Amino acid sequence: MNIQNYINTIAKCSKPADGVTRLPFTNEHKNANQLLKKWMVDAGLKVSLDAAGTLIGKYISPNKNSKTLLIGSHQDSGYNSGKYDGIMGIILPIIALKEINRKKINLPFNVEILAFADEEGVRFPTALMGPRSLAGTFNLKDLKLKDKTNISIENALKKFGGNPSKINLLKRNKKKLLGFFETHIEQGPVLESKNLAVGIVNGISGISRFKLEIEGYASHAGTTPMHLRKDALAATAEVIYTVENIARKNSNFLATMASIENKPNSVNAVSAKSISFIECRSVDDLKRKRLEKEIIKKVGIICKKRNLKFKLKKTYNQSAVKCDNKMINKLKKSFLNLKLNPFILMSGATHDASAMSDLCPISMLFVRSKDGLSHNPNEFTSEKDMQIAVKVIEKFLINYN
């Protein structure tokens, strides 16, 4: 079993690019699904495609009327992305179930491996249609949304083999489900810094974004004394330092300012207007909201001190998602069975699991990514780390009850 062979083979299902470019409902997606279908069948799974374009591999328990554990991730990528993000979380569970079937172990519950079509939101101005359809939270109006070539989700899905008219029938009965489990590369450097192959996720961060506009006064850089300037960019720089400082002083809280527009943006002029964005993330929504208020207060103090006008508007808000404690404990047991450190960490990125949390309990396993890279052609996870992850998944399934 060489997992890199699986990864490298399916990475070829891509548009010509530096890295992987595989968008939903394209020929590249269709080719990837053909490989996944073959591997699912080889693992002893029954394969189907649902109305939202999710490829499903089913393990049917010999125990009648059993509940179902859902496992999955996304097959799509961004532009010129890595070959592990998303797709690895489909391949590793397939291999784990193949091992379970090879050992003739009967699980007392059903398992469905879900290869979701679109998590990245790159082709269409929306994402997570697969998990949202299962959770009953997908907005059918979004089927009319179009890509850059004027093709709607509805038409692309029809051509792909899905059925837009039946998406509203996909909602699952949560009473029949055990939960949802997702394996994913970490997309960050924490596991590598701890020299750990795998880690257990305790939650997916809530996210809020604010648009900050600071208005100053454009004046000549050579003739305006420092104490008479109304420099919008200098104020923004002070806000950036303040936001970073607040985040550094508070654990489990991340804050970023990485998008700035400056006017007139001239080398010899004092800035008249600066537009920037503040993004806050935390698995603790109460902490995030408390620190948001602190940031807003500091922005007001900075601008008042500099005699500048400002506008601060919230443009995005997403609540944090907690992973299920019972499922976390089952993962911990699997780690301990394999003599692994059951290290707990948070996810700062959004995943299919976040949408599935509206349906059932969720849990996640992170696998180390070299240098913490993600959405990058140089993204890499070692064979050894993936082999360890497969063993964790296998133990997780065998010991689930």
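Our subject in this report is the structure included herewith. Computed from a predicted model, the values in this text were never measured in an experiment. (Residues numbered from 1 in each chain as written. Predicted model: local features only at pLDDT ≥ 70, side-chain atom pairs only at ≥ 80, totals over all residues. Heavy atoms only, no water.)

**Examining the overall build of the protein**
And then number 1: In terms of regular secondary structure, the protein is built from 11 helices and 14 strands.
And then number 2: Here the C-alpha radius of gyration of the protein, 24 Å, is about what a compact globule of 401 residues would show, namely 21 Å.
And then number 3: Dimensions along the principal axes, computed over C-alpha positions, put the protein at roughly 80 × 50 × 40 Å.
And then number 4: Within the protein, contacts between residues at least 6 apart in sequence are counted, and of these 78% link residues at least 24 apart.
And then number 5: Accessible area for the protein stands at about 18,900 Å²; split by element, carbon and sulfur atoms hold 50% of it.
And then number 6: Of the side-chain charges in the protein, 64 are positive and 36 negative, and the distance between the mean point of each set is 5 Å. (Helix = DSSP H or I, 4+ residues; strand = E, 2+ residues; numbered from the N terminus. Rg over C-alpha atoms; globule rule 2.2 N^0.38 Å. Contact = heavy atoms within 4.5 Å. Areas by Shrake-Rupley, 256 points an atom, 1.4 Å probe, with all protein chains shown as cover. Lys, Arg positive; Asp, Glu negative; His and termini not counted. Charge placed at Lys NZ, Arg CZ, Asp CG, Glu CD.)

**Details of the packing of aromatic side chains**
And then number 1: Tallying each qualifying case throughout the model produces 7 aromatic pairs.
And then number 2: Relative to Trp39, the ring of Tyr6 has its centre 4.8 Å away and its plane inclined at 70 degrees; by these criteria the two rings are edge-to-face. Note that Tyr6 is positioned in helix H1 (residues 3-11) and Trp39 in helix H2 (residues 27-42), a separation of 33 residues in sequence.
And then number 3: By relative accessible area, Trp39 is classed as buried at 11%. (Phe/Tyr/Trp six-rings, centres within 6.5 Å; stacked < 30°, edge-to-face > 60°. Buried < 20%, exposed > 50% of the residue type's maximum accessible area, 1.4 Å probe, protein only.)

**Observations regarding the pattern of salt bridges**
Proximity of charged atoms lets side chains of opposite charge pair with each other.
And then number 1: Scanning the entire structure with this criterion turns up 18 salt bridges.
And then number 2: A salt bridge links Lys144 to Glu154, with the shortest nitrogen-to-oxygen separation between them at 2.8 Å. Taken together, the residues span a long stretch of sequence, with Lys144 in the loop between helix H4 (129-135) and helix H5 (153-160) and Glu154 in helix H5 at a distance of 10 residues.
And then number 3: Lys144 gets classed as exposed once you look at its relative accessible area, which sits at 56%.
And then number 4: Its relative accessible area of 18% is what places Glu154 among the buried residues.
And then number 5: Linking Glu279 and Arg209 is a salt bridge whose minimum nitrogen-to-oxygen distance equals 2.6 Å. Here the residue Glu279 occupies a position in strand S10 (residues 273-282), and Arg209 occupies one in strand S7 (residues 206-215), the gap between them amounting to 70 residues.
And then number 6: Classification of Glu279 by relative accessible area gives buried; the value is 16%.
And then number 7: Exposure remark for Arg209: the relative accessible area of 29% places this residue in the partly exposed category. (Salt bridge = Lys/Arg side-chain N within 4 Å of Asp/Glu carboxyl O.)

**Some points on helix H3 (residues 88-102)**
Because each turn of an α-helix spans 3.6 residues, side chains separated by three or four positions end up pointing in the same direction.
And then number 1: In this model H3 runs 21 Å from its N-terminal to its C-terminal C-alpha over 15 residues, within 8% of the 21 Å that 1.5 Å per residue would give.
And then number 2: The buried fraction of H3 amounts to 12 of the 15 residues, a majority that puts the element mostly inside the structure.
And then number 3: Buried residues of H3: Met88, Gly89, Ile90, Ile91, Leu92, Pro93, Ile94, Ile95, Ala96, Leu97, Glu99 and Ile100, and no others.
And then number 4: Lys104 occupies a position one or two residues after H3 and carries a positive phi of about 55 degrees. (Expected span 1.5 Å × (residues − 1).)

**With respect to empty space enclosed by the protein**
In this approach a probe as big as a water molecule rolls over the atoms, and the regions it shows empty are the leftover space.
And then number 1: Here the structure, examined in full by the defined rule, presents 2 cavities of 30 Å³ or more.
And then number 2: Estimates place the volume of the largest cavity at around 50 Å³.
And then number 3: Together, Phe25, Asp118, Phe124, Thr126, Ala127, Leu128, Met129 and Ile153 line the largest cavity.
And then number 4: Across the lining of the largest cavity, the residue classes tally to 6 nonpolar, 1 polar and 1 charged.
And then number 5: Put simply, the second largest cavity is a space of about 40 Å³.
And then number 6: Lining the second largest cavity, in full, are Ile7, Ile10, Ala11, Val20, Arg22, Gly82, Lys83, Tyr84, Asp85 and Ile87.
And then number 7: Across the lining of the second largest cavity, the residue classes tally to 6 nonpolar, 1 polar and 3 charged. (1 Å grid on protein atoms, 1.4 Å probe; cavity = no way out; pocket = protein on both sides within 12 Å on 5 of 7 lines; lining within 4 Å. Points joined across faces, edges and corners; volume = space filled by probe spheres on them. Nonpolar A, V, L, I, M, F, W, Y, C, P; charged D, E, K, R; others polar.)

**Considering the pairing of strand S6 (residues 198-204)**
Each regular strand displays side chains that alternate between the two surfaces of the sheet.
And then number 1: Counting buried positions along S6 yields 6 of 7 residues, so the element is predominantly enclosed.
And then number 2: Summarising the sheet, S6 and strand S14 (residues 362-367) pair through 4 bridges and their orientation is antiparallel. When the bridges of S14 are listed, Val201 appears paired with Met364.
And then number 3: Of the strand pairs in this sheet, S6 and strand S13 (residues 344-347) are connected by 3 bridges, and their pairing is parallel. Bridged to Ile200 within S13 is Ile344.
And then number 4: As defined by bridge partners, S6 adjoins strand S12 (residues 321-322) across 2 bridges and the pair is classed as antiparallel. Paired with Ile204 across the strands is Val321, a residue of S12. (Pairing = 2+ DSSP bridges.)

**A word on the nonpolar core**
And then number 1: Judged by nonpolar contacts, the single largest core of 88 residues is most densely connected at Leu36, Ile91, Leu97, Met129, Phe180, Val198 and Leu397.
And then number 2: Element by element, the count of residues in this core is highest for H3, at 9 residues.
And then number 3: If we ignore the near neighbours within four places in the chain, the residues touching Leu397 are Leu69, Ile71, Leu97, Ile100, Leu107, Phe109 and Val111.
And then number 4: In this structure, Ala232, Ala235, Met257 and Cys280 belong to the second largest nonpolar core, which totals 20 residues. (Core = buried A, V, L, I, M, F, W, Y, C linked by side-chain atoms within 4.5 Å.)

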